[in-house]
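In case you want the letters, here they are:
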Amino acid sequence: MFLAYSIYEMSVKLLKTSFYFTALSTLASAVNFAFYPVVSHLLSVGNFGDVQLGVSFIMLAASLLTSLSTLALFTTANKKTEEKSLNSIERLVISLSIIIALLTAIFAVPLAGILQLQDATLLYILAFIFILNIPASTWMGSLQGGGQFLASGWISVISALTKLIASFIFIIMGFGAHGALFGIALGSFIMLPLAKILDRSNSIQYKETFGLFRKSDASFFIKRLDLLGILLSLMFVAFIANIDIVAAKILLSPAEAGTYAQLSTVAKIPYFAGISVALVLFERYIRKNISYGLSLVVYACLVATVGSGVIIFSDLLLRVLFNFQEASTSLLIPLVIAFTGYSIFMLYAYQLIAKNGVKRLLILAISSICITILPVTGSHTATDIAYSYMYGVLMALFLSAVFSYTNSHEYIAYFICHLSRS
């Protein structure tokens, strides 16, 4: 009787934690999403395109950060990993981030020309944000991996509100696109003291986080190539989510790229709605206390429902959020389908990690990024980019389903090796 009551009490606690974290993460996602229409109404279309490219650049270069946060969750939740493994990962990424930031600052002017940025100084701010986001991403993943979902949820909400309010104030003060990026930087910075204060397990250490790569770290990664494989795979997976924005900024005119950025932002609503749920499911997968198949079906229904709602109310969303005079539903539909598929693709990737399918995940990530980026870079119009991106993501989703239930990844690996030798 006592055992049954204990199991019941544990189940109720688990459901409550999942519900509160999902609610807080959804609120944070909603505030993060509100950032875009607020900034869009305050800036010109061209300037908004610069800001959205900046955000995409952060997320793109910070595909490293997304993978780092997920890997931090994995190493903290998985008791089989070494206690200090997260510190080695942090030092590797902090060293890489400094190199990337320095290269961005050195080549800011030619890079701004390629990306059609109106001001090269925006890239200096982006380099600073990138370094700042390293510990923020790691610490959030560490909190989630330790089961401190409520703490990470509140930090996400406060960070999102800070970003939104600060950006609004800076833009009103006349800083333009720079003001929006200053707001993003402040929102990232505030996560650091909050994470340290709310960390009950004392797993966050300033000295370990901000150290540079050591010889002992190299030895660690030689022994734990699986963790390095997860890190690289998740970098590629996160990179896929932002390919279309970068392609639009390079291939289209500033005004067209700004309009495309607005449409792509609305199309990401299913992703914003699903990512917090996916992280909760990922933590449960690692602890082996949830069904893979059932959770995937429920999650797919969730993001598909949200995506359908975005398509049905597309005209209203575009008019209210971004003041569109004419609805662009025809262009929005393929983007919504793409990001709905990408959300499910992410959950498949998490499942492969939980199943110790690192080899499958790495091959899947490399294959997926190739089949997504190649058709997009061959596009010439916004419609071409949207549809080619949709086809690429859906093919990546198909591959993830195949890789999860078959051994076909071995044939793909053989093909890639044969191609590289040729």
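Fair warning: this is a prediction, and the values are worked out from it, not measured in the lab.

Draft legend 1. Structural detail: the overall build of the protein. For the protein, the count of helices and strands is 20 helices and zero strands. A burial count over the protein gives 55% of its 422 residues as buried. For the protein, the accessible area works out to roughly 18600 Å², and carbon and sulfur atoms hold 71% of it.

Draft legend 2. Representation of the side chain of Ser233 in the model. For Ser233, the position within the fold is in helix H11 (residues 225-240). In this structure the side chain of Ser233 is engaged in a polar contact, spanning 2.7 Å, whose partner is the backbone oxygen of Gly229. Apart from residues lying up to four places away in sequence, Ser233 is in contact with Leu361, Leu362 and Ala365.

Draft legend 3. Examining the confidence of the model for the protein more closely. For the protein, the average pLDDT comes to 76, and 74% of its residues sit at 70 or higher. Considering only residues more than four positions removed or in separate chains, one finds that residues 1-12, a stretch of pLDDT under 50, has zero contacts.

Draft legend 4. Structural context of helix H14 (residues 269-286). Spanning 18 residues, H14 covers 27 Å between terminal C-alpha atoms, matching the ideal 26 Å at 1.5 Å per step. Where H14 bends most, at Ile275, the angle is about 30°. Burial analysis of H14 places 17 of its 18 residues in the buried class, the great majority of the element. Once H14 finishes, Lys288 follows within two positions and takes phi at roughly 60°, a positive value.

Draft legend 5. Summary view of the environment of Gly293. Among the secondary structure elements, Gly293 is positioned in helix H15 (residues 292-312). For Gly293, a relative accessible area of 36% puts it in the partly exposed group. Sequence separation between Gly293 and Gln351 is 58 residues; the distance between their C-alpha atoms is 10.0 Å.

Draft legend 6. Here's a closer look at a nonpolar patch on the surface. A cluster of nonpolar residues, Leu96, Ile98, Ile99, Ile100, Leu102, Leu103, Ile106, Phe107, Ile131 and Leu212, forms a patch on the protein surface that exposes about 880 Å² of accessible area. Counting residues per element, the nonpolar patch draws most heavily on helix H4 (residues 85-106), at seven residues. With respect to the helices, strands and loops of the structure, Leu96 is situated in helix H4. Leu96 gets classed as partly exposed once you look at its relative accessible area, which sits at 36%.

Draft legend 7. Summary view of H15. Between its first and last C-alpha, H15 extends 30 Å over 21 residues, near the 30 Å set by a 1.5 Å rise per residue. Restricting attention to buried positions, one finds in H15 the residues Ser295, Leu296, Tyr299, Val303, Gly307 and Val310. One side of H15 carries all its buried residues, which in axial view fall inside an arc of 100°. Within H15, the exposed residues directed more than 90 degrees away from the buried face are Leu294, Val298, Thr305 and Ile312. Near the N-terminus of H15, the side chain that reaches the backbone nitrogen of Leu294, with its oxygen 3.3 Å away, is that of Ser291.

Draft legend 8. How the structure looks around the packing of aromatic side chains. Counted under the stated rule, the structure contains 10 aromatic pairs. A centroid spacing of 6.1 Å and a plane angle of 90° characterise the contact between Phe170 and Phe175, whose relative ring orientation is edge-to-face. The exposure class of Phe170 is partly exposed, given its relative accessible area of 23%. For Phe175, a relative accessible area of 38% gives the class partly exposed. Taking 4.6 Å as the distance between ring centres and 20° as the angle between the ring planes, the aromatic pair formed by Phe282 and Tyr350 counts as stacked. Residue Phe282 is located in helix H14, and its partner Tyr350 is located in helix H17 (residues 329-354); the two are separated by 68 residues in the primary sequence. Accessibility classification places Phe282 together with Tyr350 in one group, the buried group.

Draft legend 9. Summary view of the packing of helix H12 (residues 243-251) against helix H18 (residues 358-377). Remark: H12 packs on H18, axes separated minimally by 10 Å, with the N-to-C direction vectors making an angle of 20°. When the axis of H12 is compared with that of H18, the two are roughly parallel. Viewed along their axes, H12 and H18 form a crossing whose handedness is right-handed. When H12 is examined against H18, the residues Ile243, Ala247 and Leu251 are found in contact with a partner set consisting of Ile369, Thr372, Ile373, Val376 and Thr377.

Draft legend 10. Representation of the nonpolar core in the model. Among the nonpolar cores identified, the biggest contains 97 residues, and Tyr342, Tyr350 and Tyr389 are the most heavily contacted of them. Here this core takes 17 residues from H17, the largest share from any one element. Beyond its immediate sequence surroundings of up to four residues, Tyr342 is in contact with Val237, Ala238, Ile240, Ala241, Tyr271 and Val393. Residues Ala136, Leu143, Leu192 and Leu194 belong to the second largest nonpolar core, which totals 10 residues.

Draft legend 11. Main features of the packing of helix H10 (residues 215-223) against H11. H11 packs onto H10 with a crossing angle of 90° between their chain directions and a minimal axis gap of 5 Å. In this view, H10 runs roughly perpendicular relative to H11, as classed from their interaxial angle. On H11, the residues that touch Phe220, Phe221, Ile222 and Lys223 of H10 are Leu225, Leu227 and Leu228. Classifying every residue of the contact of H10 with H11 gives six nonpolar, no polar and one charged.

Draft legend 12. Broad picture of the environment of Leu364. Looking at the secondary structure, you find Leu364 in helix H18. Along the primary structure Leu364 and Ser404 are separated by 40 residues, whereas in three dimensions their C-alpha atoms are 9.9 Å apart. Contact partners of Leu364, with chain neighbours within four places excluded, come to Phe345, Leu352, Ala396, Leu399, Ser400 and Phe403.

Rules behind the numbers
Residues numbered from 1 in each chain as written. Predicted model: local features only at pLDDT ≥ 70, side-chain atom pairs only at ≥ 80, totals over all residues. Heavy atoms only, no water. Helix = DSSP H or I, 4+ residues; strand = E, 2+ residues; numbered from the N terminus. Buried < 20%, exposed > 50% of the residue type's maximum accessible area, 1.4 Å probe, protein only. Areas by Shrake-Rupley, 256 points an atom, 1.4 Å probe, with all protein chains shown as cover. Polar contact = N/O pair within 3.5 Å; in protein donor to acceptor, adjacent residues only side chain to side chain. Contact = heavy atoms within 4.5 Å. pLDDT = per-residue confidence, 0-100. Expected span 1.5 Å × (residues − 1). Bend = angle between axes of the 7 residues up to and from the residue. Patch = residues over 30% accessible without salt bridge, like charges linked within 9 Å, V, L, I, M, F, W, Y side chains within 5 Å. Salt bridge = Lys/Arg side-chain N within 4 Å of Asp/Glu carboxyl O. Arc of directions from axis to C-beta. Phe/Tyr/Trp six-rings, centres within 6.5 Å; stacked < 30°, edge-to-face > 60°. Axes fitted to C-alpha atoms, helices over the stretch in contact; angles between N-to-C directions. Parallel < 35°, antiparallel > 145°, perpendicular 65-115°, else oblique. Left-handed = near helix turned anticlockwise from the far one by under 90°. Core = buried A, V, L, I, M, F, W, Y, C linked by side-chain atoms within 4.5 Å. Nonpolar A, V, L, I, M, F, W, Y, C, P; charged D, E, K, R; others polar.

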